[in-house]
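Given next are the chains, with one letter for each unit.
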Amino acid sequence: MTKKLLRRRILFPVCFLVLASACGTDADFYTLEDYASVPKIDVHVHLETDRYLFAEKAAEDGFRLINVALEYTDGWNDVRRKFTYGQLQEAAYPDRLANVTAFAVSDWDRADWEERVIAWLDSCFEQGALGVKVWKNIGMVSRDSAGNLIQIDDPRFDPIFDHLRKRGKTLMGHLAEPKNCWLPLEEMTTNNDRNYYGRHPEYHMHLQPEMPSHEELIQRRDNMLEKHPDLKFVGAHMGSLEYDVDQLAQTLDRFPNMAVDLAARMGQVFYQTAADREKVRNFFIQYQDRLLYATDLSDNGSRTKEALHAAMDAAWKRDWEFFATDNAMESDLINEPFQGLQLPKAVVDKVFYQNAVEWFGMEE
């Protein structure tokens, strides 16, 4: 089969679905009233508490959850504490919640670091962990004893990622940051980025010109994926390519075993939708198998039940309205109005549920 014919066979169903969805009937789409009854999965939340208010609300709203551990500022103590809380939550809600574990690079210079990491990960897999998260400290914060930034394409990671592939586990990667991170606050495209970097100047790369560029960090991520083409990879936060769905599409085309979650990047989706709704809508339809719904919502026990549930409602119901309807909308994430995408039911079901099952090997 020629490449030209193969390309036609791939593109025809996609183009047909785009055209068909543009003139579908009401029965082809969900409504606001369908929200609670449609099964959904939020693949990126952080629960660091022994209360169950988050899972209780998720059950009421038809959500399953993937709780994500990570190394923050306290090395292995962070990893173990966050995974332990996740296990506690899963034990209380085994049909509602699953876990992604992590590992630390705080002891990077130990000669047996790779072996210790693999032993820890295997212990987590025996407890049901679906995959492993690496965080932005790799490439942007953590350094070896010589003062060099630890980068994700370093050969020391190779045996770990090979082990994940052999175990059939997924790597979730928050690598780099939104491109806004390298801009002055006043030039950022979304209010959520402007607010975050205003509160966290330590991660605002515009203030640290000696640090790697966005392009370098993305290239190092891609170097890692090139070395491990059979590794199942979910790029957290739209793979840090949130600023341009065309650029993200090119990357997904390049790496067939890569998907992305939408956690904390809906502002970027809204911003692009305000500028060109049809381009964004067509992107979600064409890459419907590679996009996973996620929020980055969290509970550390500090908020009241009412405040926590209000925050969950605000994010989950806003995003459902955006994907399921063509309503005129506004959001405090951006300054411009925009219109919901009204994706076909089949696409919504994939983004909100089926893709999580596929990419993380969740039990149905």
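Residues numbered from 1 in each chain as written. Predicted model: local features only at pLDDT ≥ 70, side-chain atom pairs only at ≥ 80, totals over all residues. Heavy atoms only, no water.

Student: Would you mind going over the layout of surface pockets in detail, with residue names and values included?
Tutor: Roughly 1,400 Å³ of internal volume is contained in the largest pocket. Surrounding the largest pocket, 46 residues form its lining, Y196, A264, T295, D296 and S298 being those nearest its centre. The set of elements that each furnish at least two residues to the lining of the largest pocket consists of β1 (40-47), β2 (63-68), α7 (191-199), α10 (266-275), β9 (298-299) and α12 (305-324). It is α7 that contributes the most residues to the lining of the largest pocket, 7 residues altogether. Across the lining of the largest pocket, the residue classes tally to 18 nonpolar, 14 polar and 14 charged. (1 Å grid on protein atoms, 1.4 Å probe; cavity = no way out; pocket = protein on both sides within 12 Å on 5 of 7 lines; lining within 4 Å. Points joined across faces, edges and corners; volume = space filled by probe spheres on them. Helix = DSSP H or I, 4+ residues; strand = E, 2+ residues; numbered from the N terminus. Nonpolar A, V, L, I, M, F, W, Y, C, P; charged D, E, K, R; others polar.)

Student: With reference to specific residues and values, describe unusual backbone geometry.
Tutor: For A264, which is not glycine, the phi dihedral falls at a positive 60°. Residue classification places A264 among the partly exposed residues on the basis of a relative accessible area of 30%. Positioned with a positive phi, D296 is a non-glycine residue whose angle comes to about 75°. Mapped onto the secondary structure, D296 falls in the loop between β8 (291-292) and β9. (Buried < 20%, exposed > 50% of the residue type's maximum accessible area, 1.4 Å probe, protein only.)

Student: Help me get a handle on the packing of aromatic side chains, residues and values and all.
Tutor: If you walk through the whole model with that rule in mind, you get 28 aromatic pairs. Measuring from ring centre to ring centre gives 5.8 Å for F323 and F352, while their planes differ by 80°; the resulting arrangement is edge-to-face. Of this pair, F323 sits in helix α12 while F352 is found in helix α13 (residues 345-360), placing the two residues 29 residues apart along the sequence. An identical accessibility class is assigned to F323 and F352; each is buried. Taking the ring centre of F63 as reference, the NZ or CZ of K40 above it sits at 5.0 Å. Lying over the aromatic face of Y243, K179 brings its terminal NZ or CZ to 4.5 Å of the ring centre. (Phe/Tyr/Trp six-rings, centres within 6.5 Å; stacked < 30°, edge-to-face > 60°. Lys NZ or Arg CZ within 6 Å of the ring centre and 35° of its normal.)

Student: Would you mind going over the confidence of the model for the protein in detail, with residue names and values included?
Tutor: For the protein, the average pLDDT comes to 94, and 93% of its residues sit at 70 or higher. Looking over the protein, one finds the lowest element-wise mean pLDDT in helix α1 (residues 3-22), namely 45, and the highest in β8, namely 99. (pLDDT = per-residue confidence, 0-100.)

Student: Requested: an account of the pattern of salt bridges, with residues and values cited.
Tutor: The final tally for this structure, using the stated rule, is 24 salt bridges. Across the pair E48 and R81 runs a salt bridge whose closest N-O atoms are separated by 2.5 Å. Within this pair, whereas E48 is found in the loop between β1 and α2 (53-60), its partner R81 is found in helix α3 (residues 75-92), the two being separated by 33 residues in sequence. For R81, a relative accessible area of 34% translates into the label partly exposed. Notably, a salt bridge pairs R220 with D153, separated by 2.9 Å at the nearest N-O pair. Remark: D153 occurs in the loop between α5 (137-140) and α6 (158-167) and R220 occurs in helix α8 (residues 214-227); sequence separation between them is 67 residues. You can call R220 partly exposed: its relative accessible area is 25%. Where salt bridges share partners, they join E48, D78, R81 and K82 into one cluster. (Salt bridge = Lys/Arg side-chain N within 4 Å of Asp/Glu carboxyl O.)

Student: Pulling in residues and values, what's your account of empty space enclosed by the protein?
Tutor: By the definition in use, this model includes 2 cavities of 30 Å³ or more. Estimated volume of the largest cavity: approximately 40 Å³. As for the largest cavity, its lining consists of E71, F103, A104, V105, K133, V134, W135, N137 and I138. When residues of the lining of the largest cavity are traced back to their parent elements, those giving at least two are β4 (131-134) and α5. Partitioned by chemical class, the residues of the lining of the largest cavity number 6 nonpolar, 1 polar and 2 charged. If you add up the space inside the second largest cavity, you get close to 30 Å³. Taken together, I138, G139, Q151, I152, L175, A176, L217, R220 and R221 form the lining of the second largest cavity. At the level of secondary structure, the elements contributing two or more residues to the lining of the second largest cavity comprise α5 and α8. It is α8 that provides the largest number of residues to the lining of the second largest cavity, a total of 3 residues.

Student: Provide a residue-level description of the sheet that holds β2, including the pertinent values.
Tutor: Strand order across the open sheet formed by 9 strands is β8-β7-β6-β5-β4-β3-β2-β1-β9, with parallel pairing between neighbours. Every interior strand has two partners, whereas the edge strands, β8 and β9, have only one. (Pairing = 2+ DSSP bridges.)

Student: How would you summarise the environment of E215 if you had to cite specific residues and measurements?
Tutor: Residue position: E215 is located in helix α8. Spatially, the C-alpha atoms of E215 and K179 are 9.0 Å apart, while their sequence positions differ by 36 residues.

Student: Could you give an account of the side chain of Q89, with specific residues and numbers?
Tutor: In this structure, Q89 sits in helix α3. Judged by its relative accessible area of 1%, Q89 is buried. Once residues within four sequence positions are removed from consideration, Q89 is found in contact with L47, T49, D50, R51, Y52, A55 and L97. (Contact = heavy atoms within 4.5 Å.)

Student: Give me the pairing of strand β5 (residues 170-173): which residues, what numbers.
Tutor: Of the two faces of β5, the one carrying T170 and M172 and the one carrying L171 and G173 are both buried. Two elements, β5 and strand β6 (residues 233-235), share 3 bridges in a ladder whose sense is parallel. Within β6, the residue paired with G173 across the bridge is G235.

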